[in-house]
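The chain contents come next:
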Amino acid sequence: MARGGDATDEPGTRPGRLKVFLGAAPGVGKTYRMLDEARRRAARGTRVVVAFAECHGRPHTEAMLDGLDVLPPVQRRHRGADFAEADLDRVWELRPQVVLIDELAHTNAPGGRNTKRWQDVEELLGAGIDVVTTLNIQHLDSLSDVVEKITGVPQYETVPDEFVRRADQVELVDLPAEGLRRRMAHGNIHPPEKVDAALSRYFRLGNLTALRELALLWVAGRVDDTLCKYRHEHHISPVWETRERVVVALTGGPEGATLIRRAARIVDRSSSGALLAVHITRSHNLAGSSPAALAEQRQLVESLGGSYHAVVGDDVPAALLDFARSQNATQLVIGASRRGRLRRVLIPRGVGETVVELSGDIDVHTVTHERAGAGRRWVAPGSGLPRSRRVAGPVAGLVLPLLLTQLLRVVSGPLSLNLTSEALLFLLTVLGVACIGGVVSALLASVTTSLLLNYYFVPPIGQFTFGGTNMAVAQAALTTVAVTVAAIVDRSMRLSRRAARATAEAETLISLAGGILRGERAVSVLLERTRETFGMDGVELRRRRRETDSGVMGASSPDRGGEGDDHETRVAIGDDSVLVLSGRRLPAAEHRVLTAFAAHLTAAVERARLAEAAAEVEPVKAANRMRTALLAAVGHDLRTPLAGCWAAISSLRSREVDFSPEDREELLATAEESLAKLSRLVDNLLDMSRLQAGALTLHLEPVALADVLPAALDTLPGSPPHAVVNVVPQGLDDVPDVLADAPLLERVIANLVSNAVRHSPTGCPVTIGASALAGWVELRVVDRGPGIQLPDRERAFEPFQRLGDTDNTTGLGLGLALSRGLTEAMDGTLTPEETPGGGLTMVVSLPAVAAASVGR
């Protein structure tokens, strides 16, 4: 919602714009700010409708509704309670320009258009209607687990980060933690009876401070994404030092760990800094850059909170600086040169010196280490000679023979050198030039050498002698030796270059494969890694049939800090997709690595499609399994009580037998027992069916375990409850009430106790105890039976199986499955544990009423 809505905009003429008021915690004023935004837009003539606003009884917030068009909410009943929901059907009828919908993370009651409120918002945006909404930081999907660790309160309602990041505007509603606690203490957030509990739990000073930091950092990250997009669109190459980003260059050598830790210390001095490690994979790579060392260094970077990147490029300084500028880096950490003194004299400008010279506004830190100046081994250069040797070869072919000629004219007399010695020295010079500059330089040196040898050392001295067989043979031999040596050197260089390039390509693919093995299987992640590796401006995955329109399946195109060109490289992905890379023109040598990346992308796309297909098929398979098991159970387990009841009633109705009163009483008891058993089986079947269909109606209310437990024990068949069950009195009256459906909780306890009694040895009663922990109440049903092996514990909760029961003639095998289903329907958990000393303990965890009353 970049412009806030215009009175001339009509819904449907453009995509809707989304504005989110983001807060760190409840009570910071998000709804108030949302309504204030609505009033300002309405004053400008914009058609604004309030579809849903949760004021929580706060008078100042409710006063902001005056003068606005407020739609009455729709009342939906769920689990015995009425819930107010936004009337989206009415919104679709009115088609306003702007609609206000509070609490984006809310889960809709059954019966609405969508399961989640953010899905309702997505529909409105698709219809061209602008939406203004509110959200707390704890409801972002990526941060829900972090918030739970901080506050101890689980987050059941979340919104995908990707949806919020697509918002046109996210405005932070900020309030210091002390101010929020004062607002709470004054009764402006919760009713007075809940203030003390909230201040001592969720609204503790440390909790609010941590939540505020999360909100600030998330908004800062989104602002950073927007800045990168702006710089990319406007081709801005200079670094904007809005946030400290430290890039550390890794060669794969032993100094990597030192550089990473030094860069991490620089980042730590900035509260919102980012650490990025990059390895430039090149053909003339250092021998010390092993994949194993890079893997260890990658793990170190990620353990310190940074990210690892791999880039392909033969020009290391240019590739390194291009990457740093693309990430808007402010500082660059490189290691001191490992070159020895001789190499520094011969080649004064190394990678580090070049990076410093070309860095511009990026600060460069050159970090010393134990390998600095110790020398390094080079892998032979690749296909074709480097430019420096192509220039040095011809120069050496002219200069070295001249220098040798002057030297021999001075020392030949005193040393009594003859023509043979002089010719051999000239031959050694030619061989040296051949090793430096290749075939062309060797030919030039052989011609220059033969001319100088002929003029200065072959009689008659001082003139050229071209006649004679000896001269021709000498010239041919000199040229042949020079060309042969140069060809051998050149071939050795090409082979070494290929091996080095193969090693570089293997390192790149190992890095890619390592990321996939760590779970980086998303298509978007692979696209981003492809863009980074090849240094492209953008990468897209398009469908073949729609390459020129909106058929983009995925894309990655962050700022690269330069204009680039419009060249596109295309690689087929499967039968109906194509990978499009825009930016620089890729050399042929890099296409092989790109093909490997394309193969991984093909596999990722296919896996995604198979996962979608499997997700669609799984409910059908589960329904078929349930139907098959149900038919088998009905055919076997229901037949026994029906047969017993039928036999008893038929006997009583028979006029051929005159039963005594005792016999009639026994037959009636048999019929009653069979009917009771049949009733329990049918009830279990119906409840399991309702659970599977999501149609089980619950009435959640505060329930005391001390009240529910006796009623559950009274329903146990067979022996009196006190003979088989030992209830631990300590703690039952002290634990808080739980939020549950009392009749269903009775059935859960009865099923668990009945199952425990059936498996307990004679003389070992089942023990029941309860305790409270971190906002939850745990009820434990402990037996001393054979227990369940760890691999089989989850299978014990599958419907229609008995997991090795010795008695397979009674029951459908639904007791544990139904108990877990009913417990989870009440927002609780049912987990098995091993009883110390042998046996099985079933733990029912339900939210305590005190914890459930704390607002999110």
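Note that the coordinates shown come from a computational prediction; the quantities given were computed from them, not determined experimentally.

### What about the packing of aromatic side chains?
Summed over the entire model, instances satisfying the criterion amount to 1 aromatic pair. For the ring pair Trp 118 and Phe 163, a centre distance of 5.3 Å and an interplane angle of 50° mean the geometry is tilted. Here the residue Trp 118 occupies a position in helix H4 (residues 117–126), and Phe 163 occupies one in helix H6 (residues 161–165), the gap between them amounting to 45 residues. Phe 163 matches Trp 118 in its accessibility class, with the two residues each being buried. Over the face of the ring belonging to Phe 52 we find Arg 117, whose NZ or CZ atom lies 4.3 Å from the ring centre.

### So, unusual backbone geometry
Positive phi outside glycine occurs at Arg 95, with the angle close to 50°. Considering the arrangement of structural elements, one finds Arg 95 in the loop between helix H3 (88–94) and strand S6 (98–101). The phi dihedral of Asp 827 is positive, around 65°, even though this residue is not glycine. Along the chain, Asp 827 falls in the loop between helix H25 (815–825) and strand S23 (829–834).

### Things to note about helix H22 (residues 705–714)
Residues of H22 that are buried include every one of Leu 705, Val 708, Leu 709, Ala 712 and Leu 713, and no others. In an axial view of H22, the angular spread of the buried residues amounts to 130°, which keeps them on one side of the axis. Pointing more than 90 degrees away from the buried face of H22 are the exposed residues Asp 707 and Asp 714.

### Here we look at the confidence of the model for the protein chain
The predicted model of the protein chain has a mean per-residue pLDDT of 75, with 71% of residues at 70 or higher. Scored below 50 in pLDDT, residues 283–288 shows 18 contacts in the model against residues more than four places distant or in partner chains. Contacts for the low-pLDDT stretch residues 802–812, under 50 throughout, to residues beyond four places or in other chains number 26 contacts.

### Some words on the pattern of salt bridges
Inspection of every chain in the model, using the stated rule, returns 15 salt bridges. Residues Asp 130 and Arg 17 are paired through a salt bridge, measuring 3.7 Å at the closest nitrogen-oxygen approach. Placement of Asp 130 in strand S7 (residues 130–136) and of Arg 17 in the segment before strand S1 (18–23) is noted, with a sequence separation of 113 residues between them. There is no split in this pair, since Asp 130 and Arg 17 are both buried. Note that Arg 166 is salt-bridged to Glu 122, the shortest N-O span being 3.1 Å. Highlighted residues: Arg 166 in the loop between H6 and strand S8 (169–173) and Glu 122 in helix H4, separated in sequence by 44 residues. On the basis of relative accessible area, Arg 166 is assigned to the partly exposed category, the value being 45%.

### Some details on the pairing of S23
With 6 bridges connecting them, S23 and strand S24 (residues 840–847) associate as antiparallel partners. Following the sheet pairing, Glu 834 is matched in S24 by Leu 840. Hairpin connection of S23 to S24: 5 residues between the antiparallel strands, including Gly 837 at a positive phi of 95°.

### Some points on the packing of helix H12 (residues 316–326) against helix H14 (residues 351–358)
Packed helices, taken two at a time, are described by their axes: the angle between them and the distance between them. Here H12 crosses H14 at 45°, and the two axes come no closer than 9 Å. Taken as axis vectors, H12 and H14 run oblique relative to one another. You can see that H12 and H14 cross each other, and the crossing is right-handed. Touching Val 316, Pro 317, Leu 320, Leu 321 and Arg 325 of H12 are Val 351, Thr 354, Val 355 and Leu 358, all from H14.

### Observations regarding the sheet that holds strand S21 (residues 766–773)
Here we have 5 strands laid out as an open sheet, ordered S19-S21-S22-S24-S23, and mixed in their pairing. Where the open sheet ends on each side, the last strands, each with one partner, are strand S19 (725–727) and S23. The mean angle between the axes of side-by-side strands here comes to 25°, regardless of whether they run parallel or antiparallel.

### Comments concerning a nonpolar patch on the surface
A cluster of nonpolar side chains, namely Val 391, Val 395, Leu 398, Val 399, Leu 400, Leu 403, Ile 436 and Leu 444, defines an oily patch on the protein surface of about 610 Å² accessible area. The element best represented in the nonpolar patch is helix H15 (residues 387–415), accounting for 6 residues. In this fold, Ile 436 is placed in helix H16 (residues 419–456). Taking relative accessible area as the criterion, Ile 436 reaches 32% and is therefore assigned partly exposed.

### Comments concerning the nonpolar core
Among the nonpolar cores identified, the biggest contains 60 residues, and Leu 100, Leu 135, Ile 137 and Trp 218 are the most heavily contacted of them. The leading source of residues in this core is helix H9 (residues 205–233), at 6 residues. What Trp 218 contacts, discounting residues up to four positions off in sequence, is Leu 22, Ile 137, Leu 140, Leu 143, Asp 161, Val 164, Arg 165 and Val 170. Leu 744, Leu 818, Leu 822 and Met 826 belong to the second-largest nonpolar core, a separate cluster that totals 39 residues.

Rules used throughout
Residues numbered from 1 in each chain as written. Predicted model: local features only at pLDDT ≥ 70, side-chain atom pairs only at ≥ 80, totals over all residues. Heavy atoms only, no water. Phe/Tyr/Trp six-rings, centres within 6.5 Å; stacked < 30°, edge-to-face > 60°. Helix = DSSP H or I, 4+ residues; strand = E, 2+ residues; numbered from the N terminus. Buried < 20%, exposed > 50% of the residue type's maximum accessible area, 1.4 Å probe, protein only. Lys NZ or Arg CZ within 6 Å of the ring centre and 35° of its normal. Arc of directions from axis to C-beta. pLDDT = per-residue confidence, 0-100. Contact = heavy atoms within 4.5 Å. Salt bridge = Lys/Arg side-chain N within 4 Å of Asp/Glu carboxyl O. Pairing = 2+ DSSP bridges. Axes fitted to C-alpha atoms, helices over the stretch in contact; angles between N-to-C directions. Parallel < 35°, antiparallel > 145°, perpendicular 65-115°, else oblique. Left-handed = near helix turned anticlockwise from the far one by under 90°. Patch = residues over 30% accessible without salt bridge, like charges linked within 9 Å, V, L, I, M, F, W, Y side chains within 5 Å. Areas by Shrake-Rupley, 256 points an atom, 1.4 Å probe, with all protein chains shown as cover. Core = buried A, V, L, I, M, F, W, Y, C linked by side-chain atoms within 4.5 Å.

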